[in-house]
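Given next are the chains, with one letter for each unit.
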Amino acid sequence: MAMGGFTIRSAAVLTVVTVVLVSVLRTLLPRDPLFLPVTSSSPSSPSSHPIPNLMHAASTHYAAFLARQSTSLPAAVAEYERRYGRAPPKGFGAWFDFVRDNGVKVVDDYDHMVKDFEPFWALEGQEIRKRAMQVGQLPTFDLVRLQNGSSITLDVPKNTTYKDAERGARARGFRSMMKKFQHTLPDMDFPINALAESRVLVPWEQIQYSNLSDSEDLHLQTFTPSWADADGVVRSNVWDAFRRTCPPRSMARKLFGSVRGGNQGSHGQRPLSYLRAKASPARDGTTTADQHSQLEGGEDNAPRFITTPSFDFCTRPATHVQHGHFFSDWRTISTLVPVFSPAKAPGYSDLLIPSHYYYVPSAKYTYGYARDKNDVAMVMDEDKGEVAWEEKRDDVFWRGASTGGGNTPGGFLRGYQRHRFVELTASRSNNTVPVTFAAPADAKDTLSTAEQPYYTSSPFPISTLNADIMNTGFTRAVGCKGYVAPSGSSLPPNVPSKGCEALKANYHFTDTVPMAEHYRHKYLVDIDGMGYSARVMALLASRSAVVKGSVWREWWGAWSMPWLHYIPLSSSYAEIYDIYAFFSGPTKSMLEAAKFSRSPSPDDETKAERTQPRKLNQRQKQGDLTADTTAARGEPSHNDALLQRIALAGREWKQTMARRVDMEAYVYRLCLEYARLWADDREGMDYVG
């Protein structure tokens, strides 16, 4: 049947074509897999919110994780064989005794360790020993030798005049972790990375075809710790080396312009993202795309939150400019070599060991650090700065130096993690961002009740949000020589547009505070710097809730649970305001901006009052989700108890899963796996019960 020259058959064909086209576009267009779809995380009820579901799922998953650990040696051996398809390494029985005697909870889940070692199975023991010695001769590496049951740090001659500022510290920490069991281990060498950054980026082809890997690629005579070659010319960078680790058909491998600098004004420094973005304000009132991603949850602006803090830069290469480690000035190694590092970013082949900052007590990185009457270091269960939950300030707290990356190539500093976070959370712009919060039960014209809070979303000036809830700022200007102020910046007279003075003028700087001050705040943010953040263990040990944003993987990562032990934060930081609004409720100014009409209360608070201690009523202490949302009237939100639950769960996790003895057990297991690969007769290094 024809209708104006258009047939039903034509309509059917067009419909099919449209469906196919939409399917193709959904496949081709970049998507963000890190954010939980609202349709699967929040029920249709107006009282529901994704966060309680995420917390419940995390708690259930963690309980199952602990319950499935083997409780006997035969069970542990059988589980090892089931997981990895081979017998455990020699010494596994003694390791199990060590774990059992010291109350170590993780017996079976070492998948990340085994996976990291897997490429080395393609190399013979002789080749691994050769490569370990070669990398130990390079600057910025230490070589720990285990011989006759004791360990030393070898004084290996370096073919360079470069002096390692941190040489020896990580090696000493690693040796300390081995002391209790090193007498049971065979002789072997451990090349220890002396820097915080990851070091080994092996091209995809060499991992797939090990015969392409040649230890002579280390170029011992010409290796320099920086990207500048012996003639002083910079010919490559971390991002260019990382791209080669990606599969040949990945988006990262298809890109060409990977080494071009970003110092052609603000546009070159603008961080890019595949997140659905809404421009956000900078401190000078301008906007920076993707600085604050809206991450809409559909037409109702429902919030989204990440569940696993991980990234795939091979499929999303544009996001690399948001992460400073891709601009590190330290040269990476493109050959598969055994290098032991405290953390690694996606794509790296480093082997993970616990950070010496976690193991060796210090005032800067240890919760409860103190010194006794004989000036001997000790660790107390409670830090001197700790206060009761009701006494903590209800704000989002962060202090730190402006570390974040190097300057190879230059011009991208403004996009680094800490710089974006401070720029966002200290902005004085009146541009708005949407925030989801529970409408007060006593407000007029709202469906919200004490028993069933109604969550609504409204736009708020970012300057108002920051003034109400943020307490963030840089304390030191570090690595800022390559900083270029964005065009249009209102710099004070006589301040140049480049360098550290320009950085200080464009970002919020404040006084340095001791670690004890951190523990007086409810929300403690932990963000990557040039490498991993070494103070996360101190923050987790406190009675405050940790909000952590990181792409780095550490030895403990697979054993902790986001939304149970800490609050995960995306690299866009988009959801930071929604996180606060859920747990602490809307501020007075948020309610006024949202034009909620209600009778004024004598308990209405100012920001100074809001960040002062509050007392919980009995229902809130018990985490009653039906308790009234009254944060704007001088009492904490009913979800404040849920925030405290995360804080205490993180503290309990640190005290039971990340003790010094837990680090020792991890290193013990790592040494057994490494010893088998080190040997010529690997079958002879299998465990025999």
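Please refer to the structure placed before this passage.
Below is a short write-up of the structure.

About the cut-offs
Residues numbered from 1 in each chain as written. Predicted model: local features only at pLDDT ≥ 70, side-chain atom pairs only at ≥ 80, totals over all residues. Heavy atoms only, no water. Axes fitted to C-alpha atoms, helices over the stretch in contact; angles between N-to-C directions. Helix = DSSP H or I, 4+ residues; strand = E, 2+ residues; numbered from the N terminus. Parallel < 35°, antiparallel > 145°, perpendicular 65-115°, else oblique. Left-handed = near helix turned anticlockwise from the far one by under 90°. Contact = heavy atoms within 4.5 Å. Nonpolar A, V, L, I, M, F, W, Y, C, P; charged D, E, K, R; others polar. Phe/Tyr/Trp six-rings, centres within 6.5 Å; stacked < 30°, edge-to-face > 60°. Buried < 20%, exposed > 50% of the residue type's maximum accessible area, 1.4 Å probe, protein only. Core = buried A, V, L, I, M, F, W, Y, C linked by side-chain atoms within 4.5 Å.

1. Regarding the packing of helix H4 (residues 73–84) against helix H5 (residues 92–101)
- Running from N to C, H4 and H5 cross one another at 120 degrees; their axes reach a closest spacing of 10 Å. By the angle between their directions, the pair H4 and H5 is classed as oblique. When the axes of H4 and H5 are compared, the crossing they make is right-handed. Residues Leu73, Ala76, Val77 and Tyr80 of H4 form the contact with H5, whose own contacting residues are Phe92, Gly93 and Phe96.
- Residue composition of the contact of H4 with H5, grouped by class: 6 nonpolar, 1 polar and no charged.

2. Some details on the packing of helix H7 (residues 125–136) against helix H24 (residues 660–678)
- Between H7 and H24, the least distance of the axes is 7 Å, while the angle of their chain directions is 110 degrees. Here H24 runs roughly perpendicular to H7, going by the angle between their axes. Note on element contacts: H24 touches H7 through Tyr674, Leu677 and Trp678, opposite Gly125, Ile128, Arg129 and Ala132.
- When its residues are assigned to classes, the contact of H7 with H24 shows 5 nonpolar, 1 polar and 1 charged.

3. Here we look at the packing of aromatic side chains
- Taken as a whole, this structure holds 43 aromatic pairs when the rule is applied.
- Between the aromatic rings of tryptophan 398 and phenylalanine 474, the centroid separation amounts to 6.0 Å while the plane-to-plane angle is 75 degrees, which identifies the pairing as edge-to-face. One end of the pair, tryptophan 398, is in strand E12 (residues 393–401); the other, phenylalanine 474, is in strand E15 (residues 470–476), and 76 residues separate them in sequence.
- Given the relative accessible area of 1%, tryptophan 398 is considered buried.
- Of the residues examined, phenylalanine 474 reaches a relative accessible area of 0% and is grouped as buried.

4. Comments concerning helix H14 (residues 417–425)
- H14 sits mainly inside the fold: 9 of its 9 residues count as buried.
- For H14, every residue scored as buried is listed here: Gln417, Arg418, His419, Arg420, Phe421, Val422, Glu423, Leu424 and Thr425.

5. Quick look at the nonpolar core
- Counting 163 residues, the largest nonpolar core has Trp95, Phe190, Tyr577 and Phe583 as its most contacted members.
- Top element by residues in this core is H24. It accounts for 13 residues.

6. Quick look at the side chain of threonine 332
- Along the chain, threonine 332 turns up in the loop between strand E7 (287–288) and strand E8 (340–341).
- Exposure remark for threonine 332: the relative accessible area of 9% places this residue in the buried category.
- If we ignore the near neighbours within four places in the chain, the residues touching threonine 332 are Ser198, Arg199, Leu201, Phe223, Trp227, Val238, Ala241 and Tyr348.

7. Here we look at the environment of alanine 87
- Tracing the backbone through its elements, the reader meets alanine 87 in the loop between H4 and H5.
- Considering only alpha carbons, one finds alanine 87 and methionine 685, 598 residues apart in sequence, at a separation of 9.5 Å.
- Setting aside its immediate chain neighbours within four residues, alanine 87 contacts Tyr80, Glu81, Arg676, Asp686 and Tyr687.

The quantities given are spatial measurements derived from coordinates; they are silent on function.
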